Structure formats: C-alpha cells, structure tokens
Amino acid sequence: MNFPTNDDIERIAAEILRMRQEYEFHTFWLGTTTKGAESAEQGIALKGDMNRRLGQCIEKCAPDLKARLHRPEAKFIITWPGGIVAFHPLPLFIAGRYLKFSREIPQSRWPCRYCDGLGCERCDGTGKRYQRTVEEIMAAPLLALSRAEGSKLHSVGREDVDARMLGRGRPFILELANPRVRSLELAPIEERLNREFSSEIGVLQMRFVEPGLLERLRHLSPDKSYRARVRCALPARREAVERLNDLRDLLLGQETPRRVLHRRPNRLRPRTVRWCRVANLAGGERVSEFDLTLRTEAGAYIKEFISGDEGRTEPCVSRLLGVPCDCVELDVLEVFCDL
Ligand SMILES: [Zn+2]
C-alpha cells in the first residue's frame, strides 16, 4: 500500500479547510482508517504518517486552527487509500433552567396517539399531540442562529403537561446537532425568550457546557417540592386536614399510576414524603378544598398520593382524611439540585 504523497496531503488538507466555509470550528482531531495494509505494522505506520503530516499541513495553512484530542469541535476521519474525508462536528451543549407557566404545553414532543407521530387527520398531519412544547420554544432561536440540524432536550425529570414549573426552574441541557455556527451570544437569546413567551415559559442561566455534564445530569435524582390544590369529594374534618402538617418522612408504596400504565410496566415503588403543609383551607369545621405543599423524594407521583389511585398508592391523602380527594392543580416549586 502506498503512503500518501505530498500532493495527497495537500488535497486532503484543502478539503478539510473548505469545510470552514460552512462550519465554524477552532479545534480539530484527525483519525485515519486504512484498508488493505500488508501488515498491522504497516497500517499503524500509515495512520501515524497521515495524521502527523496532515495535521502539520493544516496548522501551517490555518494557524488559528488547533489540533486537540480532548473534545475537539470537529473530527475528521480519513479513509486511506482514497483519501475520503468524513466530517463530524461536536454538538453544542447549552445548559440552563426552564420555567413553565402554561398548563397546556408539554416539556418535549409528544407523538399523536392515533398515528404514533406519522401524521393523521386528528393531528392535522403534524404527528403531534401538542403543537407547542417547551423544547421547541427554547430551541427555535438557537436552531436558527446556529443553523444546527436538530435539537434534543435532556432534563432532570419532567412535569405533567398540566403542571406548572415554578421557582428556580428545572435544570436542562439542550443539545444542538451539527451546528454551523458555534459562537452564539446566549444572553440576548435568553432575554428574548423571556420577553416573547412570558405567558408560557421562562429560561434562566443559559450557558455553554462541556458534554461531560450530560452524564452528571443523567445520574441526578433530586428531591422536589410541590404545591397541590386538593378538592375533597365530601367535606373533610378540619382537624384531620391540619394533622397533615405533622407528617414527617411518610413512606409510600406506589404502584405505577393507571394513567401511565399504557407506556410503563407495573411496579411497586417505595417513595418518601419528607413533609407536608396545608394552607388556604376553604370552609370552617368542614373543609372542601385546601393547598398542600410537600417535599418528596424523586419519582413520587403527587396526584396519586392525593387520590390514592384506587388503592394503588398507600397511604394517601384520601385515606388519611377519610374522604375521597383529588388534585385539581399542581405546581412544581423546586427541583433540589444544580448542574
Ligand atoms: Zn395523528
């Protein structure tokens, strides 16, 4: 197998440098794959020769470009013989915290249940059950400015569509695939999102982060606090409602809620309610509605802790008060973690 000539190296370097007309990158990494080497040693020697000479040639032609092993902004894989170049830009990772003020938009894309995302009459051919999502609203200006091909939202859990996300918001990392522009000013984008969509969402602390933070995000399972408006089907004794204030570290057994059984296997999970507080009691000695503020460990289902979900969550507020109760409004107040 022939080693690349100087002309080969210059041609490949030119092709790599031409990518800069379309894609912004300041650091790069080169890899070579070989086919038909006469021996393993020859293959290793060829890869070393290609990467060294090509790297030197690129750095000579474009002194602002730096070779980098650790998270380069662009990876190039050269196939030899032939010298075909494959280009892999590193995604952009943008972290922040989002708030959601609407009870009508989900966090991320939710496929239409009738066509499973293919598009049908019931979803007007969009394939979506909800036309707007937190992810799409946040990603739209970033996709436009970075000219990336797509986005993916990673977050520390998610709230129900009809629950608001308040307080300091929920930590997220938005991944933008194949961006053409990497130097974005995030502060004006954040400011614009907060101005234009103030009735639906809020965004805080937007910043670029290393991809390694994604791994940390995946392993977080923080406590959360909530405010729920509880409605009693029959008036509850005031004394019983106020006794909820005394609950500490109540251990629940929660089976998978009926409302999610169609997409999750049935399991019994132990979950702890750290504490509860009641406020805004409607009624006198007999209470018809009240606010329940509570802190739980990750993964607890709050609506089911209130209703009992037909015996699938024990104990529950309905059982503790002796009357059937329902959650009529839910807000997440705090997600207790920082990225
Ligand atoms: Zn559909």
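Only a predicted model underlies this, so the values are computations on that prediction, with no experimental measurement involved.

Things to note about the nonpolar core
Membership of the largest hydrophobic core comes to 62 residues, with the highest contact counts inside it found for F290, L292, F305, I306, V317 and L321. It is strand 7 (residues 163-177) that contributes the most residues to this core, 6 residues altogether. Formed by 22 residues, the second largest nonpolar core is a distinct cluster that contains I16, F25, M50 and A74.

Considering the coordination of the zinc ion
Of the protein atoms, only C112 (SG), C115 (SG), C120 (SG) and C123 (SG) coordinate the zinc ion, at distances of 2.3 Å. Taken together, the 4 donor atoms coordinating the zinc ion and their angles of 102 to 113 degrees define a geometry best described as tetrahedral. Counting gaps between the donor residues of the zinc ion yields the pattern C-x2-C-x4-C-x2-C.

Details of the domain arrangement of the chain
The parts lose accessible area when they come together, and the size of an interface is often stated as this lost area. We note that the domain assignment places domain 1 (6-88), domain 2 (92-218) and domain 3 (224-335) within the chain. Distance between the C-alpha centres of domain 1 and domain 3: 60 Å.

Side note on the layout of surface pockets
Size it by volume and the largest pocket reaches roughly 950 Å³. Looking at the lining of the largest pocket, the elements that each hand over two or more residues are strand 7, helix 5 (213-218), strand 9 (224-237), strand 11 (268-283), helix 7 (302-307) and strand 14 (325-335). When the residues that make up the lining of the largest pocket are grouped by side-chain class, the tally is 17 nonpolar, 7 polar and 15 charged. Taken domain by domain, the makeup of the lining of the largest pocket includes at least three residues from each of domain 2 (92-218) and domain 3 (224-335). Size it by volume and the second largest pocket reaches roughly 210 Å³. Taken together, the residues of the lining of the second largest pocket break down into 7 nonpolar, 1 polar and 5 charged. Split by domain, the residues of the lining of the second largest pocket number at least three in each of domain 1 (6-88) and domain 2 (92-218).

A few points about the packing of aromatic side chains
Taken as a whole and assessed by the stated rule, the structure comprises 6 aromatic pairs. Aromatic rings pair up to connect Y23, F25, F76 and F87 into one cluster. Of note, R122 hangs over the ring of Y114, and the distance from its end group to the ring centre comes to 3.8 Å. Of note, R277 hangs over the ring of W275, and the distance from its end group to the ring centre comes to 4.9 Å.

What counts as what
- Residues numbered from 1 in each chain as written.
- Predicted model: local features only at pLDDT ≥ 70, side-chain atom pairs only at ≥ 80, totals over all residues.
- Heavy atoms only, no water.
- Core = buried A, V, L, I, M, F, W, Y, C linked by side-chain atoms within 4.5 Å.
- Buried < 20%, exposed > 50% of the residue type's maximum accessible area, 1.4 Å probe, protein only.
- Helix = DSSP H or I, 4+ residues; strand = E, 2+ residues; numbered from the N terminus.
- Donors = N, O, S within 2.8 Å, 3.2 Å for Na, K, Ca; no water.
- Tetrahedral: all angles 85-135°; square planar, octahedral: opposite > 155°, others 65-115°.
- Domains from an automatic or database assignment.
- 1 Å grid on protein atoms, 1.4 Å probe; cavity = no way out; pocket = protein on both sides within 12 Å on 5 of 7 lines; lining within 4 Å.
- Points joined across faces, edges and corners; volume = space filled by probe spheres on them.
- Nonpolar A, V, L, I, M, F, W, Y, C, P; charged D, E, K, R; others polar.
- Phe/Tyr/Trp six-rings, centres within 6.5 Å; stacked < 30°, edge-to-face > 60°.
- Lys NZ or Arg CZ within 6 Å of the ring centre and 35° of its normal.

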